[in-house]
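Per-entry structural report
So the chains spell out like this:
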Amino acid sequence: MTDKFTSPPAISDHLPKWILYFGCLLATIGIVAGLLGVLSPMKFFSDFPNFTQWSAISYVTTGWGIRNLAMGAVMLLALWLKTPSAIAIVFSMRFLTELGDLLNTLATGHGSMGAPLGIVAAVWIAVFLTPEALAARWGITRVLER
């Protein structure tokens, strides 16, 4: 039992370097993808080669781009703050967004760049979802153990 004069059990709030590097990668991907979504959606949404009515769906592509720009900016803010709560929140948001994007890709086939969906899912889980979940867990456990 602790009181205001006794520190809680020692746990490290030092942000692991892998979370910092992975977060920087996610921020970069988000900012680049966001800029493409706003400035050149036909380059990002390249699996629609015969689509020509980009101006008719600019609300969707611009909104998607802004979403990614915001996620990149928030990731940079969380990495700058280096607090477990910020890391927990932003990586949880990334995990849920990536999970939704994966489910959307599996349901529609779009976003797979022609690769078999099983391979897309395995890579997506290994490269994005698992590290995002682990980073979120790092932050959550530190917040809860205080």
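Quick look at the structure, then.

Thresholds, definitions, all that
Residues numbered from 1 in each chain as written. Predicted model: local features only at pLDDT ≥ 70, side-chain atom pairs only at ≥ 80, totals over all residues. Heavy atoms only, no water. Helix = DSSP H or I, 4+ residues; strand = E, 2+ residues; numbered from the N terminus. Rg over C-alpha atoms; globule rule 2.2 N^0.38 Å. Buried < 20%, exposed > 50% of the residue type's maximum accessible area, 1.4 Å probe, protein only. Expected span 1.5 Å × (residues − 1). Core = buried A, V, L, I, M, F, W, Y, C linked by side-chain atoms within 4.5 Å. Contact = heavy atoms within 4.5 Å.

1. Observations regarding the overall build of the chain
When helices and strands are tallied, the chain shows 5 helices and 0 strands. Reading the helices (α) and strands (β) of the chain from amino to carboxyl end gives α-α-α-α-α. Taking 15 Å as the expected radius of gyration for a compact globule of 146 residues, we find that the chain reaches 18 Å, considerably beyond that expectation. Going through the 146 residues of the chain one by one, you find that 32% of them count as buried.

2. Concerning unusual backbone geometry
The phi dihedral of Lys82 is positive, around 60°, even though this residue is not glycine. Along the polypeptide, Lys82 turns up in the loop between helix 3 (58-81) and helix 4 (84-108).

3. Points about helix 1 (residues 17-39)
Between its first and last C-alpha atoms helix 1 spans 33 Å; for 23 residues at 1.5 Å apiece the expected length is 33 Å, and the two agree. Taken together, the buried positions of helix 1 are Ile19, Phe22, Gly23, Leu26, Ala27, Gly30, Ala33, Gly34 and Gly37.

4. Considering the nonpolar core
Counting 15 residues, the largest nonpolar core has Leu15, Ile19, Met75, Ile87 and Phe91 as the members making the most contacts within it. When contributions to this core are tallied by element, the ones reaching two or more residues are helix 1, helix 3, helix 4 and helix 5 (117-144). Ignoring sequence-local partners within four residues, the contact set of Leu15 consists of Leu20, Leu79, Lys82, Ile87 and Trp138. Judged by nonpolar contacts, the second largest core, of 5 residues, contains Leu102, Ala121, Trp124 and Leu129.

It is worth stressing that arrangement in space is one thing and function is another; only the former is reported here.
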